[in-house]
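Close look at the chain arrangement
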Amino acid sequence: ITIERESGLDVSSPKHGKVDPDNMPHVGGNMWAGGTGGRDTAGLGGKGGPYRLDAGHRVYQVSQAEKDAVPEEVKRAAREMGEKAFKQRLKEIQMSEYDASTYERFSGAVRRQVQSLRIILDNLQ
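Rules of the game
- Residues numbered from 1 in each chain as written.
- Predicted model: local features only at pLDDT ≥ 70, side-chain atom pairs only at ≥ 80, totals over all residues.
- Heavy atoms only, no water.
- Helix = DSSP H or I, 4+ residues; strand = E, 2+ residues; numbered from the N terminus.
- Buried < 20%, exposed > 50% of the residue type's maximum accessible area, 1.4 Å probe, protein only.
- Contact = heavy atoms within 4.5 Å.
- Areas by Shrake-Rupley, 256 points an atom, 1.4 Å probe, with all protein chains shown as cover.
- Phe/Tyr/Trp six-rings, centres within 6.5 Å; stacked < 30°, edge-to-face > 60°.
- Lys NZ or Arg CZ within 6 Å of the ring centre and 35° of its normal.
- Polar contact = N/O pair within 3.5 Å; in protein donor to acceptor, adjacent residues only side chain to side chain.
- Salt bridge = Lys/Arg side-chain N within 4 Å of Asp/Glu carboxyl O.

As annotated in an unreviewed UniProt entry, the chain is VWA8 protein from Chloebia gouldiae.

What follows is the structure, given as structure tokens:
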């Protein structure tokens, strides 16, 4: 379920955000990594964050108009931060960029089937 909402708040600069040790759902607030519908931090449904980070909660979505209104310098900084985090993660799992693109090509081909299987297994569980 995706819920759209207007935040009415401006972005400043992208950041990872704090990690909630209890993994509580956070909506907006400009503080928490993995929150939804906020700004500047890594999460889902927000604007200006450096990368998507799913903490498993319901997604609150800011409007596309708000996302489009993010200043270009903030978008650029978010892209750079996201790229740096991606490269760091590849290094941690000892994977090259070529390996990642190859994995994505094969994974993308079966993504729908894997998602369907996950839903079936979740329901059985």
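For the rest of this paragraph, the subject is the overall build of the chain. Helix and strand counts for the chain stand at three helices and four strands. Element order for the chain, N to C, with α for helix and β for strand: β-β-β-β-α-α-α. Taking the principal axes of its C-alpha atoms as reference, the chain extends roughly 40 × 35 × 30 Å. Of all 125 residues assigned to the chain, the portion counted as buried reaches 30%. Considering only residue pairs separated by 6 or more positions, the chain has 46% of its internal contacts joining residues 24 or more positions apart. When the accessible surface of the chain is totalled, it reaches about 8900 Å², and 53% of it is carbon and sulfur.

Time to look at the packing of aromatic side chains. Here a ring pair, both rings aromatic, is described through the centre-centre distance and the interplanar angle of the planes. For the structure shown, the criterion picks out zero aromatic pairs. Taking NZ or CZ as reference, Lys18 lies 5.6 Å from the ring centre of Trp32, over its face. Of note, Arg105 hangs over the ring of Phe106, and the distance from its end group to the ring centre comes to 5.0 Å.

One can find Asp20 in the loop between β1 (2–5) and β2 (35–36). You can call Asp20 buried: its relative accessible area is 14%. Once the C-alpha coordinates of Asp20 and Gly35 are considered, the two residues, 15 residues apart in sequence, prove to be 9.5 Å apart. Setting aside chain neighbours within four positions, we find Asp20 in contact with His26 and Trp32. Here Asp22 takes part through its backbone nitrogen, which lies 2.8 Å from a polar atom of the side chain of Asp20. For Asp20, the side chain forms a polar contact with the side chain of His26, separated by 2.6 Å.

The phi angle at Asp40 is positive, at roughly 75 degrees, despite the residue not being glycine. Among the secondary structure elements, Asp40 is positioned in the loop between β2 and β3 (43–44). Here Asp40 falls in the buried class, since its relative accessible area comes to 0%. Phi angles above zero are rare outside glycine, and Gln94 is one such case at about 55 degrees. Turning to its location among the elements, Gln94 is positioned in the loop between α2 (72–92) and α3 (97–124). With relative accessibility at 75%, the residue Gln94 sits in the exposed group.

We now examine the pattern of salt bridges. For the structure shown, the criterion picks out six salt bridges. With its nearest N and O atoms 2.8 Å apart, the salt bridge here joins Lys47 to Glu66. Of the two residues, Lys47 sits in the loop between β3 and β4 (59–62) while Glu66 sits in helix α1 (residues 64–68), which places them 19 residues apart along the sequence. One exposure class covers both Lys47 and Glu66, and it is buried. The partner of Arg111 in a salt bridge is Glu104, with the nearest N and O atoms 2.8 Å apart. Salt bridges linked by common partners bring Glu83, Lys87 and Glu97 together as one network.

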